[in-house]
Each structure stands twice: as C-alpha cells, then as structure tokens.
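Coordinates in review
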Amino acid sequence: MQNPFSLSFGKEPESLISRDFQSSDIISGFTGENPAYQVCMITGVRGSGKTVALTTISNQFRSDKRWIVVDLNPERDLLKMLAAELSNRRELFEIFRDAKINLSFLGFGLEIDGVPPITDIVVALRRMLEKLTKSGMRVLITIDEASSTPSFREFASQFQIFMREKLNVFLLMTGLYENISKIQDNKNLTFLYRAPKLLLAPLNLTLIAAKYKEVFQLDDKEAYKMAEATKGYPFAFQVLGYLCWSRQKRWNELMPEYDAYLEELAYEKMWSELSEKDRQIVSAMSRLDDLKVENIRAEAGIDSNLFSVYRQRLLKQGIIASPSYGYLAFTLPRFKEYVQRVMPD
Ligand SMILES: Nc1ncnc2c1ncn2[C@@H]1O[C@H](COP(=O)(O)OP(=O)(O)OP(=O)(O)O)[C@@H](O)[C@H]1O
Ligand SMILES: [Mg+2]
C-alpha cells in the first residue's frame, strides 16, 4: 500500500483533515440572496494549507451549477485570462452567442455573423458578466498566491469597478500576510482593507488523532499525543505521518528526522523571510519558559512601541499566537527548538 501521507505542497493530500468549520464562513459569506462580501483572502504561514483550502472551497462552488469558478494564475495577464476562460466554457457558449457577444477580435473564437467584434478586453468582460449576472449566475475567481504585481493591481481595480456595477463577481485569494498587506497598501486598492481575511487556524487535533489512530492502530491516548506533536500545523501532520509510515517506527523515535524535514521544507524559508526584529523577538521567546509579553519584551530588549508593531505582525503572519491576554506562544511544532538551533545564545 502507498504512503497515505504526502510531502508535496499545493495539492489535496489523500489524508485530508476537514476544515469545514472555517470554510463554511467563506461559503456562507459568498452565497445567499445578499452576499455579505464579494472578496475574501486566506492567509497563513507556508505549509498552513492555503492552497489546499482554496481548492477544497472552490470545488464546493464548482459542484453548484449556478457558479462558474475560474482559477487564475497570478503570473499571467489576469483580465485577459479571465476573458479567455469565460469565453471558452462550453456551458456558456450559447448564453454568449444569444447575447451576440462577438469576441473574435480578441482571439477567443466565437465569430458571430452580422455583429461587430468587441475590441476592448474590459468591454468584453463587462458584456459577459452582465449577461451571466442577468441569468442568475455567479462567477468566482480564485487566485493562489496573490501579490502586488502590475497585472494584479490592474485586475483588482477593475474588479472593484465590476463590483460597483453590481455584477455577480467574487474573488477568493490566498497569500502570505506580507504580500496581502502590500496589496492593500496600494492607494487605489484600499477596498481590500475591508475584505475579510481568514488566517488559517491549526487543524483540529481530535481529527488528526483519529486519522493517526486509524492508520497506525494506536490507542486513543497515544494517537492524541502524536497529534499534539504536530500542533495542528498541516504540513507537520503530513510529515509525521509520512515518516511513521515509511520508517515503520513509533512517532517519538522520529524526532531528529521530523526536525530535519520541517527545517528543510518549511522553517528555513520562513526564517529567511523574517526581519531582524522579528528574529529578535522569536529568539527571545525560544529562551524563555514563561511567555508573558512583558518578559519577552525585556528579553528581546526592544522598546514597547516597536515591540507591539512587530508582535502584531508576527501574529498576523501566523508564526506566533496569543493563547490568552498578555501571553504569546509558538504556533508551529518544534519551531522553538529550530530557533534555538539557528540562534544559539
Ligand atoms: N486540511 C488539510 N488536511 C491535511 N493536510 C493538509 C491540509 N491542508 C494542507 N495540508 C498539507 O499541508 C501541506 C501544505 O499545504 P498547502 O500547499 O496547501 O500550504 P500553503 O499554505 O499553500 O503553502 P505555501 O505558502 O508554501 O503555498 C501539504 O503537504 C498538504 O498536504
Ligand atoms: Mg500554496
């Protein structure tokens, strides 16, 4: 039998832990007669399951006939790709033909006799979206790993106009907090500030334990301990399962290898993206047992104002969490040990 756990990023794993609780918020926000919002962003650290969550959620919409889901590649010309995608859908072909939308000039096929071709991409999109909106359909655009590129900025500002025109367009995107934050700092994209941002929470430990129990025939207590060793970090859930399966050892004998995989495939990259001050704070945390904010600040030797700015950022990135008022904690498993290794006293 094949290993039921996978180390690859970006695709739905065979052992998938449900996030229904979190994703149902997004789904209900987009649905209903008067949707609560039309844009939503999923953030979280590397390996927190953004791409998988985007795939799971968009598949739910895909199975509903009233929704047209279009996945766009942020490296391409987004407006053009959206027009191309819509005009290539077989199920929409008749709708656009009846509406006499001639897109042949733009190179998207669909020559219509006696109708002059549309020569502007925005006009073409507007015509298509108007027609779809009138037919009661909704278009969900997904963008994985959005960042503030010229193509994205052009796309987003046009998206805002379509929204204002009351067209049924929805946007679900993922990104690291740094990138999302840069995007919404663009002065004509401030509407994104108001869009809900979902920081992916850890996976449910009880569900993880149940999965490990089933695969490795552990008793409840042991399975839960193994789940706790992942802290609900999705990538860690896969790594620990993967190692147990392939090495045929108990999970707690695998810590050195577990550390090595986490380091090599996730933490090194995260660490390299932290600023000097971020690192100072995180490494102060790794030296302390009592993670009271005041203690950490004193240990890091950073003044109060600056400290709260960086603390806030680390929280939004998902690298640390605040389990109770006035306290901080590491969110990622074995990250404390990793920091101790890269920042020896
Ligand atoms: N709901 C889940 N249940 C189980 N495993 C998951 C789940 N979501 C993600 N994973 C696993 O976690 C790892 C990372 O997932 P994913 O690629 O979605 O992360 P990401 O946040 O998009 O990372 P990056 O920022 O690098 O793009 C993969 O190995 C994936 O199989
Ligand atoms: Mg991803």
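1. As for the overall build of the chain
On a plain count of helices and strands, the chain comes out with 15 helices and seven strands. The principal-axis extent of the C-alpha atoms belonging to the chain is close to 75 × 55 × 35 Å. Long-range contacts, defined here as pairs at least 24 residues apart, represent 68% of the contacts in the chain between residues at least 6 apart. On the chain, roughly 17300 Å² of surface is accessible, and the fraction owed to carbon and sulfur atoms is 50%. Charge centroids of the chain, computed over 45 positive and 44 negative side chains, lie 3 Å from each other.

2. Regarding the domain arrangement of the chain
On domain assignment, one finds that the chain holds domain 1 (20–199), domain 2 (205–256) and domain 3 (274–342). Relative placement of domain 2 and domain 3: their C-alpha centres are 27 Å apart. Considering only the surface of domain 2 that becomes buried against domain 3, K231, Y233 and M255 emerge as the three largest contributors, covering 83% of it. At the boundary of domain 2 with domain 3, the tally comes to zero salt bridges. Our count for the domain 2 to domain 3 interface comes out at one residue pair in polar contact (both at pLDDT 80 or more).

3. Things to note about the pattern of salt bridges
What the rule picks out here adds up to 19 salt bridges. Between K211 and E214 there is a salt bridge, and its shortest N-O distance comes to 3.7 Å. Taken as a pair, K211 and E214 lie in helix α8 (residues 205–216) at a separation of three residues, close to a single helical turn. Among the residues examined, E214 registers a relative accessible area of 53% and is labelled exposed. In this structure, E253 engages R250 in a salt bridge whose closest nitrogen and oxygen atoms are separated by 4.0 Å.

4. A word on the site of ligand 1
G10, I17, K50, T51 and Q238 are the nearest of the 22 residues found near ligand 1. I17 is positioned such that a nitrogen or oxygen atom in its backbone is 2.8 Å from a nitrogen atom of ligand 1. The contact in question runs from an oxygen atom of ligand 1 to an N or O atom on the side chain of T51, over 2.8 Å. Protein coverage of the free-state accessible area of ligand 1, which is 630 Å², stands at 96%. Mapped onto the shell around ligand 1, the elements with two or more residues apiece are α2 (50–62) and α10 (234–247). A per-element tally of the shell around ligand 1 places α10 first, with four residues. A per-class count over the shell around ligand 1 returns ten nonpolar, nine polar and three charged. Split by domain, the residues of the shell around ligand 1 number at least three in each of domain 1 (20–199) and domain 2 (205–256).

5. Some words on helix α11 (residues 255–272)
The largest bend along α11 measures about 55° and falls at E263. Buried residues belonging to α11 abut α10, α12 (276–287) and α15 (335–342).

6. Looking at the packing of helix α3 (residues 78–88) against helix α6 (residues 150–164)
How two helices sit against one another is set out by the angle between their axes and by the gap between those axes. It is at 8 Å that the axes of α3 and α6 come closest, and there the two elements cross at 60°. Taken together, the axes of α3 and α6 are oblique relative to one another. Within the contact between the two elements, α3 uses L78, L79 and L82 and α6 uses S151, F152, E154, F155 and Q158. Residues belonging to the contact of α3 with α6 are distributed by class as follows: five nonpolar, two polar and one charged.

7. Focus on the sheet that holds strand β5 (residues 197–199)
Read across the open sheet, the five strands follow the order β2-β3-β4-β1-β5; overall the sheet is parallel. Of all the strands in the sheet, just β2 (67–72) and β5 have a single pairing partner and so form its edges. Between one strand axis and the next, the sheet turns by 20° as a mean value, whatever way the strands run. Where β2 and strand β3 (residues 138–143) come together, six bridges link them in parallel fashion. Residue pairing in the sheet places I68 in a bridge with V139 of β3.

8. Section: the packing of aromatic side chains
Counted by the stated rule, this structure contains 20 aromatic pairs. Ring geometry for F5 and F237: centres 5.5 Å apart, planes at 80°, overall edge-to-face. Highlighted residues: F5 in the segment before α1 (20–30) and F237 in helix α10, separated in sequence by 232 residues. In this structure, F5 and F237 share a single accessibility class: buried. With centroids separated by 4.9 Å and ring planes inclined at 85°, the aromatic side chains of Y267 and F335 adopt a geometry described as edge-to-face. Here F335 lies in helix α15 and Y267 lies in helix α11, a separation of 68 residues in the sequence. Ring-pair connections join several aromatic residues into one group, and the members of that group are F9, Y233, F235, Y267, W271, F330, F335 and Y338.

Cut-offs applied
- Residues numbered from 1 in each chain as written.
- Chains lettered and ligands numbered in written order.
- Predicted model: local features only at pLDDT ≥ 70, side-chain atom pairs only at ≥ 80, totals over all residues.
- Heavy atoms only, no water.
- Helix = DSSP H or I, 4+ residues; strand = E, 2+ residues; numbered from the N terminus.
- Contact = heavy atoms within 4.5 Å.
- Areas by Shrake-Rupley, 256 points an atom, 1.4 Å probe, with all protein chains shown as cover.
- Lys, Arg positive; Asp, Glu negative; His and termini not counted.
- Charge placed at Lys NZ, Arg CZ, Asp CG, Glu CD.
- Domains from an automatic or database assignment.
- Buried area = accessible area lost by both parts, 1.4 Å probe.
- Salt bridge = Lys/Arg side-chain N within 4 Å of Asp/Glu carboxyl O.
- Polar contact = N/O pair within 3.5 Å; in protein donor to acceptor, adjacent residues only side chain to side chain.
- Buried < 20%, exposed > 50% of the residue type's maximum accessible area, 1.4 Å probe, protein only.
- Near = heavy atom within 4 Å.
- Nonpolar A, V, L, I, M, F, W, Y, C, P; charged D, E, K, R; others polar.
- Bend = angle between axes of the 7 residues up to and from the residue.
- Axes fitted to C-alpha atoms, helices over the stretch in contact; angles between N-to-C directions.
- Parallel < 35°, antiparallel > 145°, perpendicular 65-115°, else oblique.
- Pairing = 2+ DSSP bridges.
- Phe/Tyr/Trp six-rings, centres within 6.5 Å; stacked < 30°, edge-to-face > 60°.

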